[in-house]
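One letter stands for each residue in the lines below.
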Amino acid sequence: HTFRESQGAILGAIISQGRFETTGSTKHTTSATGCCGKFDGALNRSNQPNPSPTTGADEDANATLRNDTREYPKLRHGSLAKWLRTDLQKRDFVSIGCACGVASAFGAPVGGVLFMIEEASSFYKQELFFRATFATTLNCVMLFLILTPLNGGDFPVNEYKIGALQAKGVCDFGKITTLGSYNILDIALFAILGVLMGLFAALFNHTNKLLTQWRQKYVTNPSRRMTEALVVAIVTATVCFVCSYSDAWCADIDNLNLGKHASDYLSSFNCAEGQYNEAATLFLQQLDRTVAALVHTEDPDAFSATTLLLYFVIVWGLACWTYGIAIPSGLFIPSIAMGAVGGRLFGLVVSQSLYKHIFDDVNSNHHHVQACALVGGAAFLGGTTRMTVSIVMISLSTIEDYAFLVPIMVGILSAKLTGDAFNEGLYDIHIKLQGITTFLEHEPTCLSRRTKRSLVASDLMVQPVVLQVVESCAVITRILATTRYNGFPVVDDRGLFRGTILRSQLSVMLLERQRSQQTVRDEFLSHSDFLQYYPRFPRVKDLPPGEDIDGCMLDLEHVLNGSALTVTSDTHAHRVYRLFRHLGVRHLPVLTPRGAVWQQGAAHEVVGIITRKDLHTLESEET
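Values in this document were obtained by computation on a predicted structure and should not be read as measured data.

Moving on: the sheet that holds strand β14 (residues 587-593). Spatially, 3 strands are ordered β13-β14-β15 in an open sheet, and the strand pairing comes out mixed. Each end of this open sheet is capped by a strand with a single partner; those strands are β13 (567-568) and β15 (604-611). Here β14 runs beside β15; their pairing, made up of 7 bridges, is antiparallel. Each bridged residue has a counterpart across the sheet, and for L591 the counterpart in β15 is V606. Strands β13, β14 and β15 of the sheet are contacted by helix α22 (residues 573-583), whose axis makes an angle of about 140° with β14.

A separate point is the pairing of strand β10 (residues 487-491). β10 sits mainly inside the fold: 5 of its 5 residues count as buried. Burial along β10 is two-sided: the face carrying G487, P489 and V491 and the face carrying F488 and V490 are both buried. Pairing of strand β8 (residues 467-468) with β10 involves 2 bridges; the strand directions are parallel. Within β10, the residue paired with Q468 across the bridge is V491. Where β10 and strand β11 (residues 497-502) come together, 5 bridges link them in antiparallel fashion. Paired with V491 across the bridge in β11 is F497.

It is worth spelling out the confidence of the model for the protein chain at this point. When the pLDDT values of the protein chain are averaged, the result is 78; 73% of them are 70 or greater. Averaged pLDDT values over the elements of the protein chain bottom out at 29 in strand β2 (residues 30-31) and peak at 95 in helix α11 (residues 305-322). In this model, residues 13-78 is a region of pLDDT below 50 whose contacts with residues beyond four sequence positions or in other chains number 179 contacts.

Turning to the nonpolar core, a few remarks are in order. Nonpolar side chains tend toward joint burial in soluble globular proteins. By size, the foremost hydrophobic cluster in this structure holds 87 residues, and its most contacted members are F106 and F204. One finds I476, I479, L511 and L543 within the second-largest nonpolar core, a separate group that totals 26 residues.

Each turn of an α-helix holds 3.6 residues, which means side chains three or four residues apart point in the same direction. With 16 residues, helix α15 (residues 405-420) extends 22 Å between its outermost C-alpha atoms, agreeing within 8% with the 22 Å of an ideal straight helix rising 1.5 Å per residue. Within the span of α15, buried status applies to P407, I408, V410, G411, I412, S414, A415, T418 and G419. Looking at the buried positions of α15, the neighbouring elements they touch are α7 (184-218), α13 (368-385) and α14 (389-399).

Here the focus is the environment of R289. Within the secondary structure layout, R289 lies in helix α10 (residues 287-296). For R289, a relative accessible area of 31% translates into the label partly exposed. Considered as a pair, R289 and D264 are 25 residues apart in the sequence and their alpha carbons are 9.2 Å apart. Beyond its immediate chain neighbours, meaning those up to four positions away, R289 contacts D264 and Y265.

Attention shifts here to the pairing of β11. The buried fraction of β11 is high, at 5 of 6 residues. Between β10 and β11, which pair antiparallel in sequence order, lie 5 residues; one of them, G495, sits at a positive phi of approximately 85°.

Another aspect to go through is the sheet that holds β10. Pairing is mixed in the open sheet, where 3 strands are placed in the order β8-β10-β11. The open sheet has two edge strands with one neighbour each: β8 and β11.

Here, disulfide denotes a covalent bond that connects the sulfur atoms of two cysteines. As enumerated under the stated definition, the model contains 2 disulfides in all. The disulfide partner of C250 is C271, and the gap between their sulfur atoms is 1.8 Å. Residues C250 and C271 share a disulfide whose torsion about the S-S bond is about -85°; that sign makes it left-handed. Here the residue C250 occupies a position in strand β6 (residues 250-252), and C271 occupies one in the loop between β6 and β7 (275-277), the gap between them amounting to 21 residues. In terms of burial, C250 and C271 fall into one category: buried. Residue C473 pairs covalently with C552 via a disulfide, S to S 2.0 Å.

Applying the stated criterion across every chain yields a total of 11 aromatic pairs. Ring centres 5.8 Å apart and planes at 40° place the aromatic pair W214 and Y218 in the tilted group. One end of the pair is W214 and the other is Y218, both in helix α7 and 4 residues apart, which spans about a single turn. The exposure class assigned to W214 is partly exposed, which follows from its relative accessible area of 44%. The exposure class assigned to Y218 is partly exposed, which follows from its relative accessible area of 40%. Through pairs of rings, three or more aromatic residues link up here, namely F106, F115 and F332.

Negative phi characterises most residues that are not glycine, and trans characterises most peptide bonds. Positive phi is not limited to glycine here, since N270 has a value of about 60°. Its place among the elements puts N270 in the loop between β6 and β7. Backbone geometry places R386, a non-glycine residue, at a positive phi of 65°. Mapped onto the elements of the fold, R386 is located in the loop between α13 and α14. For R386, a relative accessible area of 8% gives the class buried.

Another aspect to go through is the packing of α14 against α15. Across the interface, α14 lies against α15 with an axial gap of 10 Å and an inter-helix angle of 140°. As judged from the angle between their axes, α14 and α15 are oblique. Considering how the two elements wind past one another, α14 and α15 form a crossing that is right-handed. Between α14 and α15, the residues in contact are I391, V392, S395 and L396 and L405, I408, M409 and I412, respectively. Looking at side-chain class alone, the contact of α14 with α15 contains 7 nonpolar, 1 polar and no charged residues.

When the terminal C-alpha atoms of α13 are compared, their 26 Å separation across 18 residues agrees well with the 26 Å that a helix rising 1.5 Å per residue should span. The buried fraction of α13 amounts to 18 of the 18 residues, a majority that puts the element mostly inside the structure. Two residues or fewer past α13, R386 is found with a positive phi of approximately 65°.

Rules used in this analysis
- Residues numbered from 1 in each chain as written.
- Predicted model: local features only at pLDDT ≥ 70, side-chain atom pairs only at ≥ 80, totals over all residues.
- Heavy atoms only, no water.
- Pairing = 2+ DSSP bridges.
- Helix = DSSP H or I, 4+ residues; strand = E, 2+ residues; numbered from the N terminus.
- Contact = heavy atoms within 4.5 Å.
- Axes fitted to C-alpha atoms, helices over the stretch in contact; angles between N-to-C directions.
- Buried < 20%, exposed > 50% of the residue type's maximum accessible area, 1.4 Å probe, protein only.
- pLDDT = per-residue confidence, 0-100.
- Core = buried A, V, L, I, M, F, W, Y, C linked by side-chain atoms within 4.5 Å.
- Expected span 1.5 Å × (residues − 1).
- Disulfide = S-S within 2.5 Å.
- Phe/Tyr/Trp six-rings, centres within 6.5 Å; stacked < 30°, edge-to-face > 60°.
- Parallel < 35°, antiparallel > 145°, perpendicular 65-115°, else oblique.
- Left-handed = near helix turned anticlockwise from the far one by under 90°.
- Nonpolar A, V, L, I, M, F, W, Y, C, P; charged D, E, K, R; others polar.

See below:
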């Protein structure tokens, strides 16, 4: 599933960077810069407005890519290519790609959109919501058209008739019609099951974090990564085959009440005719068929407690080891499979002890093993990822039974609350392990905690690197070469704040000045001139050397952002953090009035700057 989700996200990113032939062309010597989101892999979930300065990460990406001297088209104003070549649209395409990946994996367009809102984007935006809904709907229609004949159905359209579409995703658990009803006691048991799955999921996240830290320390080159992947594949295949080979796991199918369609998911590996292999049904099938076998088989004795416990322990360990290696390993289906096995084991214990001896008359018609397998699968996934609503919709879409909406929600919420008491979700853990500083989580408690002295902007800011409105090219080149900041405050000759300017804008102005052999002050650059370089802005080594630009001056007046968002030195840190989170701000200049008191129209000086990296450092210090 994670591979399909990543494919959708990557495809969206590739499309968002596509170039189109338009009238006219110009040759530019440029360098590439990366612009990725969270996930995953870890993609950035922020849907920030327009590109604005940040520190570190963007320049690191800029410095790792090579020059290219290809022909790039001039973009006509209002063209489709211009619409696709913006940071905002690129992030939207990545988010929509994630939604389409989930929708195609499970045949759940609504689940894909909810997954995008929960994990692939920071804030709800109506325009993005509509685009994602349209994309996932079209995605599922095309998927059903392709999969219907492949799954044995009629072609949707032929010369004789119009066939019915099979609304199934790539991973399908089949429609369940034998779950029965539930009562208040069942709700309490589902909550207990959710707590148990949350505990195992939190342990899974912690163990995987330790393995990932070990992997980052010792598995550092491509040969070791490939070796680890091969070892994981060999160990997984060997363990699953050995655990399933014995004929001791064989049982007669006729002696069990399997229920409708359950026999379709049973494996008869190494068994006589009329028998099925319990272990092979779990170990040697695709994980979605394993889950289907667990939720469709009505008879509690179809899978013994020993088989279920063995499968849970082995798959828990293998999945924990596999997630994070150098292959697109999945998290959704393995988590659902582990939870379904744990839930069926829980249901087996409940049905054989509590209900059989105490509440037999009240619950004689309940299929507890099936219901617990269903709720357990959703709860374990919620415990590992800490998602809620999207998992509910995905689970209901795969089983086509909305009667168990409330039990699934109870299990997921119980697992999430239990897991939150111990650690973070697995996605968030890996974001921090990868050192991604541009993504901010929820507000650190140290900002809202009542202390003797509350933190203010002056406690968070760092000393800024300031440029003059009319600045020397040599000074700008030296600053770009010796700092990693991606944005700089600009002041006039009196030291008063005028606005901010991006590193990319400065590099383009220097490169264009070299080509035109005249100061940019005499020939102002338009927005389309900067857009032609996007996303491959010049690097420092592409710029002219210092001896070639002595005496050159750049006028930044017509390029800087004069309406940049700023804060004062006594602004509460709680408000600063919310500006970064809610407005998508990537840097904030800190100002103070020139004079003793604030007054309308007062002149302001720059005393510091706050970046996302500074706030990320605050989060790290808290943890």
